[in-house]
2 protein chains.
Amino acid sequence: MPKNEQDPRHTESTQMQRRINQPLSGFQDIWGQRMIQRERIMGTVIESFRLFGFQPQVLPSLHLSESLEKGSGMEQKMIYHFMDHGGRHVALRFDHTVPLRDFIERHYSELTLPYRRYEVGNVWRADRPAKGRYREFAQMDADIVGDSSVQADIETVLLVDNIMQKIGVDATARINSREILNGLVDVNGLSDEEGANLLRVIDKLDKAGSQRVVKELQELGFSATVIGNIERYLSIEGTNDEIFDQLDNHIGSSDKGKQGLNRLAKVFSAIKDSGYESNHFRLDPSIARGLDYYTGLVVETSFNPDPSYGSICSGGRYDHFIRRPQGEFMPAIGVSIGVDRLLAAMESKNLLPDAKTTTQVAIVNFGDEMLTQYLKLANTLRRAGIPTEINLSGVRLNRQMGEISKRGIPYSILLGSDEVSKGVVKIKNMKTFEEEEIPVDQLTEFLKQRDE
Amino acid sequence: MPKNEQDPRHTESTQMQRRINQPLSGFQDIWGQRMIQRERIMGTVIESFRLFGFQPQVLPSLHLSESLEKGSGMEQKMIYHFMDHGGRHVALRFDHTVPLRDFIERHYSELTLPYRRYEVGNVWRADRPAKGRYREFAQMDADIVGDSSVQADIETVLLVDNIMQKIGVDATARINSREILNGLVDVNGLSDEEGANLLRVIDKLDKAGSQRVVKELQELGFSATVIGNIERYLSIEGTNDEIFDQLDNHIGSSDKGKQGLNRLAKVFSAIKDSGYESNHFRLDPSIARGLDYYTGLVVETSFNPDPSYGSICSGGRYDHFIRRPQGEFMPAIGVSIGVDRLLAAMESKNLLPDAKTTTQVAIVNFGDEMLTQYLKLANTLRRAGIPTEINLSGVRLNRQMGEISKRGIPYSILLGSDEVSKGVVKIKNMKTFEEEEIPVDQLTEFLKQRDE
């Protein structure tokens, strides 16, 4: 047990201390069950990334501000930026896409294209904290750079589906194309600026509702005819095939729109023909994505048990963002998962399995004179891959059992001098309280069989 | 293949562009083989942490400066700090120990003690970049809080050894105790301030050499007798038992020193009696550790193939750093691994295994009309846990094979319409160039057997 010591400096300003001691607003301590669940989800996502052939990379968190801000479309006030010790204006990354762009340019000659990478790491945004929205949060991104094919579009939406299925989340990939939206702009005779405004307003549909969308379009000066067209466009419903037909009626007269429809039709038919579950994928004309840089397929993923969490996995094709060192654009497509939002959503619906600890066994401690035996046993178990704790010495047996139970460790081992001389251990299931005496040399096998 | 497009804005300032596009000094792009090797090492370390019963946690990267600087002993100029959007002085963490202290205080009532945690994440220091030293680097820490027992000391050094063995690094855990060093201070009749200076100078021994140490001690005004004593202390050599005997002669007359020797002797005898390899652990009186907060056992780990990399895993007991909310100290012990330094060290000695890719199979692409077949096959393989890529369509066969080989993917699959109608695939080993025709339904089994 800890030594106690009183520091007079400490008592004088407990309140001040308390203020200092809280995490900054929008930042979080992640530990205990929530952390174990988070690690599992992240591990599953990484597994999916790898199954689809993506390779890991880690880029810096800190960059020259100038470089991060260039062409990103991120509002400056959302970026954590400051002057470093060398007098450089630097900023913390707010996503993994802008750093990828710069990475590609500087390593272009070393890459075998297409370059398929994944990156897992924190990003920072000086945003207003809200439900599932943090100022520091982990993003998991997968991107394919240097591949403009429909095949890459297909693989990207299949990746999203693979992840959701492996995590066990009821989710729908809502898919649209910027080309289809450009078709809408086209057939309504809108200017580029009007088009950009239109996309921004449509992007708010999920959160703001259709009345609000109409109101904003009116305020922006769109004509009643155009607003009527857009309302009809946004109210298209039905099966994917029916939506394709209706979209064709709406925007088929635009070359851009037609091109987008044809390309997206290939995506949907390939998914269907290859035996994937078609009802996981929905053609949704209302998906626009906020960021300016998307050029083709866009995808958002609804958490069906509570869609109010917003998209838990989003992305799309951005063919005019990354450049070769010579300056020409390189096509790219990618998706990003906001782990902390996904976790918050799953938590709110009790979808996260119990996971109090990763430890499988606790060795009960009968006193210091047994320590050598405990260390030997722990060594054997750990070498066999079984996470093992040795309890503290000098604590009453009842209290030890209570603590093992509280930690959620599934098994405890009792090993006293009697057991040592008989070459056995007592093992206790902490849920059923069943106790068995088994030979030491069968213990590893026993535990491995019970580890699911 | 990508669409090309020329942007006139781009050509005007290629040089400017180039400057912006480099990572900041001390920051790194980690990708390709190095990244895969890094992930494996990190995975192995996490496995060791878990085997020893440590549980994961993630704390914020950004904190109030005031909170991070308090009692840490870190020079302010080493800390990345700035004013955030709310006008708060904030700073990026420079280690995982200071945030742990604050975490314990705020969650004290929720914890079951001892609290064994591990944390993996980046830390930032505005340090001068050098061999294996970065401004942003990953640290992997394991700590036990609320346990003052020798058992925790033993488990901590065994953890260090377990990690080194699992990674396959020839390393020696060099162990000492602050209490022994306090004994040295004691028997030489030094003041607290002189003692602190002495420890700081001793800490430089590895890097600066003994002549430099003597010179610094002279400059600090230590007497010839004291310097003579210290030189003899630092030159103690032999087996661990011999070193214990000599230390006893030197400092055994000091109560503090004696206490430290007795406690450390328990650590070494427990390791030996429990059958661990004693030669992985060396009692080293010269280990002092720079930070002020250590109070007991201290450990550094030499990378034996090239000790000039400095310690690759360090830590110790710090019983006067973390507090209960009421203000009393809580005992703690922990170690930290600087992954990026370890990686640099292993790389310099070619100790990292080849690991070009995590992908196991590439499906050669004979054209868009086969896409459905490829997607079906990829789905089957991925569901069986086999990382699978589908090559781009429209690329000549030779070039496809060359790229698969360049990426280091071990197998390629050839599936044309002939194979589809026969229900087989051709699978080619990309190292031996052996090609086999096997039934589709045996492919998964075939690949799983060959995945080691």
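Computed from a predicted model, the values in this text were never measured in an experiment. (Residues numbered from 1 in each chain as written. Chains lettered and ligands numbered in written order. Predicted model: local features only at pLDDT ≥ 70, side-chain atom pairs only at ≥ 80, totals over all residues. Heavy atoms only, no water.)

### Details of the overall build of chain A
Scanning chain A for helices and strands turns up 18 helices and 19 strands. Summarising its shape, the C-alpha atoms of chain A cover approximately 90 × 60 × 50 Å along the three principal directions. When the 452 residues of chain A are sorted by exposure, 60% land in the buried category. Put simply, of all contacts in chain A between residues at least 6 apart along the chain, 68% involve residues at least 24 apart. Surface exposure of chain A reaches about 19000 Å², of which carbon and sulfur atoms provide 45%. Looking at chain A, you have 56 positive and 65 negative side-chain charges, and the mean spots of the two groups are 4 Å apart. (Helix = DSSP H or I, 4+ residues; strand = E, 2+ residues; numbered from the N terminus. Buried < 20%, exposed > 50% of the residue type's maximum accessible area, 1.4 Å probe, protein only. Contact = heavy atoms within 4.5 Å. Areas by Shrake-Rupley, 256 points an atom, 1.4 Å probe, with all protein chains shown as cover. Lys, Arg positive; Asp, Glu negative; His and termini not counted. Charge placed at Lys NZ, Arg CZ, Asp CG, Glu CD.)

### Structural notes on the pairing of strand β16 (residues 411-414) of chain B
Residues and elements named next belong to chain B. Burial of β16 is two-sided: the residues Y411 and I413 facing one way and the residues S412 and L414 facing the other way are all buried. Bridge count between β16 and strand β17 (residues 424-429): 4 bridges; the pairing is antiparallel. Bridge pairing in β17 places Y411 opposite N429. (Pairing = 2+ DSSP bridges.)

### Description of the relation of the copies chain A and chain B
For the pair chain A and chain B, the relating rotation is 180 degrees, the translation along its axis is 0.0 Å, and the fit reaches an RMSD of 0.0 Å. In the structure described here, the two chain copies are related by an operation that fits a two-fold rotation axis. Considering only C-alpha atoms, the part of chain A nearest the rotation axis is A:F82, at 3.1 Å. The residues that chain A uses at the interface reappear at the interface of chain B in 99% of cases, marking a shared surface. (Least-squares fit on C-alpha atoms with pLDDT ≥ 70 in both.)

### Description of the environment of B:E435
All names here are of chain B. As for its placement among the helices and strands, E435 is situated in strand β18 (residues 435-439). Overall, E435 belongs to the partly exposed group, its relative accessible area being 42%. Here the alpha-carbon distance between E435 and L415, two residues 20 residues apart in the chain, equals 12 Å. Excluding anything up to four places from it in sequence, E435 contacts L414, K426, I427 and K428.

### A short note on the packing of aromatic side chains
Throughout the structure, instances matching the rule amount to 30 aromatic pairs over all chains. Ring centres 4.2 Å apart and planes at 5 degrees place the aromatic pair A:F82 and B:F82 in the stacked group. Of this pair, A:F82 sits in strand β4 (residues 81-83) while B:F82 sits in strand β3 (residues 81-83), placing the two residues on different chains. The two residues A:F82 and B:F82 agree in class, both being buried. Here A:F303 and A:Y309 contribute two aromatic rings whose centre-to-centre distance is 6.3 Å and whose plane-to-plane angle is 90 degrees, an arrangement assigned as edge-to-face. (Phe/Tyr/Trp six-rings, centres within 6.5 Å; stacked < 30°, edge-to-face > 60°.)

### Examining unusual backbone geometry
All names here are of chain A. For the peptide bond that leads from L113 to P114, omega is -10 degrees, which places it in the cis range. Note that P114 resides in the loop between α5 (97-107) and β6 (115-124). Of note in the backbone geometry, N350 takes a positive phi value of approximately 55 degrees without being a glycine. With respect to the element layout, N350 can be found in the loop between α14 (339-348) and β15 (361-363).

### Things to note about the sheet that holds strand β8 (residues 281-283) of chain B
Here we have 9 strands laid out as an open sheet, ordered β1(A)-β1(B)-β5(B)-β6(B)-β13(B)-β10(B)-β9(B)-β7(B)-β8(B), and mixed in their pairing. With one partner strand each, in any of the chains shown, β1 (30-31) of chain A together with β8 of chain B form the two edges of the open sheet. In this sheet, strand β13 (residues 332-338) of chain B lies alongside strand β6 (residues 136-145) of chain B in antiparallel orientation, the contact comprising 7 bridges. Considered in β13(B), the bridge of B:I144 is made with B:I333.

### Regarding the pairing of β6(B)
Residue and element names in this part refer to chain B. By the criterion of burial, β6 is predominantly enclosed, with 10 of the 10 residues buried. Side chains E136, A138, M140, A142 and I144 project from β6 onto one buried face, and the interleaved F137, Q139, D141, D143 and V145 project onto a second face that is buried too. Pairing geometry for strand β5 (residues 115-124) and β6, over 10 bridges, is antiparallel. In the sheet register, Y118 faces β6, and the bridge partner there is A142.

### Things to note about the interface of chain A and chain B
Counting from both sides, the interface comprises 122 residues of chain A and, opposite them, 121 residues of chain B. Contact between chain A and chain B buries roughly 10400 Å² in total, counting both sides, with carbon and sulfur atoms accounting for 52%. The largest share of the area that chain A buries against chain B comes from A:W31, A:Q151 and A:R382, three residues that together contribute 7% of it. Counting across the chain A and chain B interface gives 6 salt bridges. Counting every contact that joins chain A to chain B gives 42 residue pairs in polar contact (both at pLDDT 80 or more). Looking at the side of chain A that touches chain B, its residues break down into 47 nonpolar, 38 polar and 37 charged. In this structure, β1(A) lies alongside strand β1 (residues 55-58) of chain B, joined through 2 bridges in antiparallel fashion. Across the sheet, A:I30 pairs through a bridge with B:V58, a residue of β1(B). (Buried area = accessible area lost by both parts, 1.4 Å probe. Salt bridge = Lys/Arg side-chain N within 4 Å of Asp/Glu carboxyl O. Polar contact = N/O pair within 3.5 Å; in protein donor to acceptor, adjacent residues only side chain to side chain. Nonpolar A, V, L, I, M, F, W, Y, C, P; charged D, E, K, R; others polar.)

### Focus: the pattern of salt bridges
Residue and element names in this part refer to chain A. Evaluation of the coordinates by the stated rule reveals 61 salt bridges over all chains. Across the salt bridge formed by K77 and E75, the nearest N and O atoms sit 3.7 Å from each other. A salt bridge links R212 to E216; the nearest nitrogen and oxygen atoms lie 3.5 Å apart. Pair noted here: R212 and E216 are both in helix α10 (residues 210-219), with a separation of 4 residues, about one helical turn. R212 gets classed as partly exposed once you look at its relative accessible area, which sits at 39%. Taking relative accessible area as the criterion, E216 reaches 14% and is therefore assigned buried. A network of salt bridges, in which partner residues are shared, links R93, R117, E119 and D143.

### Thoughts on the packing of helix α7 (residues 178-187) of chain A against helix α13 (residues 255-273) of chain A
Two quantities define a packed helix pair, namely the angle between the axes and the distance from one axis to the other. All names here are of chain A. Relative orientation of the contacting elements α7 and α13 amounts to 155 degrees, with a least axis distance of 7 Å. In this view, α7 runs roughly antiparallel relative to α13, as classed from their interaxial angle. Crossing hand, α7 versus α13: left-handed. Facing E179, I180, N182, G183 and D186 of α7, the residues of α13 in contact are D255, K256, G257, Q259, G260, L261, R263 and L264. Here the contact of α7 with α13 is composed, by residue class, of 3 nonpolar, 5 polar and 5 charged. (Axes fitted to C-alpha atoms, helices over the stretch in contact; angles between N-to-C directions. Parallel < 35°, antiparallel > 145°, perpendicular 65-115°, else oblique. Left-handed = near helix turned anticlockwise from the far one by under 90°.)

### Considering the packing of α7(A) against helix α12 (residues 240-251) of chain A
Residue and element names in this part refer to chain A. At a minimum axis distance of 9 Å, the contact between α7 and α12 shows a crossing angle of 35 degrees. On α12, the residues that touch I180, G183, L184 and V187 of α7 are L247, H250 and I251. Its residues assigned to classes, the contact of α7 with α12 shows 5 nonpolar, 2 polar and no charged.

### Concerning the sheet that holds strand β4 (residues 89-92) of chain B
Residues and elements named next belong to chain B. The strand order across the open sheet formed by 3 strands is β2-β4-β3, and the pairing between neighbours is antiparallel. Every other strand in the sheet has two partners, leaving β2 (62-64) and β3 as the edge strands with one partner each. Neighbour-to-neighbour, the strand axes of this sheet turn through a mean angle of 35 degrees, independent of strand direction.

### Points about the side chain of B:N162
All names here are of chain B. Along the polypeptide, N162 turns up in helix α6 (residues 150-167). A polar contact is formed between the side chain of N162 and the side chain of S48, at a distance of 2.7 Å. In contact with N162, other than residues within four places in its own chain, are S48 and F52.

### What to know about α13(A)
All names here are of chain A. Here α13 spans 27 Å end to end across 19 residues, near enough to the 27 Å set by a 1.5 Å rise per residue. Buried residues of α13: G257, G260, L261, L264, V267, F268, A270 and I271, and no others. Where α13 begins, the side chain of S254 points an oxygen toward the backbone nitrogen of K256, at a separation of 3.4 Å. (Expected span 1.5 Å × (residues − 1).)

### Looking at the confidence of the model for chain A
Residue and element names in this part refer to chain A. Per-residue confidence for chain A averages 92 on the pLDDT scale, and 95% of its residues sit at or above 70. Predicted confidence in chain A is weakest over helix α1 (residues 8-11), with a mean pLDDT of 41, and strongest over strand β2 (residues 55-56), with 98. With pLDDT under 50 throughout, residues 1-13 is counted as low confidence; its partners more than four residues away or in other chains account for 29 contacts. The complex prediction reports pTM at 0.92, with the ipTM value standing at 0.91. (pLDDT = per-residue confidence, 0-100.)

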